[in-house]
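If you want the building blocks of each chain, they are given just below.
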Amino acid sequence: MARPKPDLPPAAALRALTDGEHRLAVRVTPGARAEGVAIEDGRVLVKVRAKPEDGKATAAVIGLVAQALGVAASHVDLLRGATSREKLLRIPPEA
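This text gives an overview of the structure that appears in the document. (Residues numbered from 1 in each chain as written. Predicted model: local features only at pLDDT ≥ 70, side-chain atom pairs only at ≥ 80, totals over all residues. Heavy atoms only, no water.)

Take the overall build of the protein next. For the protein, the count of helices and strands is 2 helices and 5 strands. Shown N-terminal to C-terminal, the secondary structure of the protein runs as helices and strands in the order α-β-β-β-α-β-β. Relative to the 2.2 N^0.38 estimate, which gives 12 Å for 95 residues, the radius of gyration of the protein is 12 Å and therefore close to what a compact globule would have. Seen through its principal axes, the protein has C-alpha atoms that stretch 40 × 25 × 25 Å. (Helix = DSSP H or I, 4+ residues; strand = E, 2+ residues; numbered from the N terminus. Rg over C-alpha atoms; globule rule 2.2 N^0.38 Å.)

As structure tokens, this is what we get:
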């Protein structure tokens, strides 16, 4: 059975939560049953199936945020939080 597509908010909603330097703070839940990106109370919550070992969950978060923004994962940079649930990402400016 195929996995369902992750729930993703509109890219504009994510971009609205960035600061002036295009940084986006996210809270991660690794090892979740379903993947998705949600915005609750002005915070970005990302759920990924990957376990928090050897950077797998971080890579999954970057890929999921990039998918939500409609950009390549290589354009999303991890600034802080490689081993933390709280991560700070730099996303590309809107073209």
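Additional details are given in the paragraphs that follow.
Before going further, it helps to examine the side chain of Thr-18. Relative to the helices and strands, Thr-18 is located in the loop between α1 (11-15) and β1 (23-29). At 2.7 Å, the side chain of Thr-18 and the backbone oxygen of Arg-15 are in polar contact. Not counting chain neighbours up to four residues away, the residues in contact with Thr-18 comprise Arg-23, Leu-24 and Ile-91. (Polar contact = N/O pair within 3.5 Å; in protein donor to acceptor, adjacent residues only side chain to side chain. Contact = heavy atoms within 4.5 Å.)

As a further point, take the layout of surface pockets. Taken as a whole, the largest pocket encloses approximately 200 Å³ of empty space. For the largest pocket, the lining is made up of 13 residues, of which Asp-7, Ala-34, Glu-35, Gly-36 and Lys-47 are closest to its centre. Elements with a contribution of two residues or more to the lining of the largest pocket: β2 (36-40) and β3 (43-47). If one sorts the elements of the lining of the largest pocket by residue count, β2 sits on top with 4 residues. For the second largest pocket, the calculated volume is near 170 Å³. Here the lining of the second largest pocket gets 3 residues from one element, more than from any other, and that element is helix α2 (residues 56-69). (1 Å grid on protein atoms, 1.4 Å probe; cavity = no way out; pocket = protein on both sides within 12 Å on 5 of 7 lines; lining within 4 Å. Points joined across faces, edges and corners; volume = space filled by probe spheres on them.)

Only one face of β3 is covered, namely the one carrying Val-44 and Val-46; the face carrying Arg-43, Leu-45 and Lys-47 has none of its residues buried. Pairing of β1 with β3, which is carried by 4 bridges, proceeds in the parallel orientation. Considered in β3, the bridge of Arg-27 is made with Leu-45. Alignment of β2 against β3, held across 5 bridges, turns out to be antiparallel. Bridge pairing in β3 places Ala-38 opposite Leu-45. In sequence, β2 turns back onto β3 through a hairpin of 2 residues, with Asp-41 there showing a positive phi of about 55°. (Buried < 20%, exposed > 50% of the residue type's maximum accessible area, 1.4 Å probe, protein only. Pairing = 2+ DSSP bridges.)

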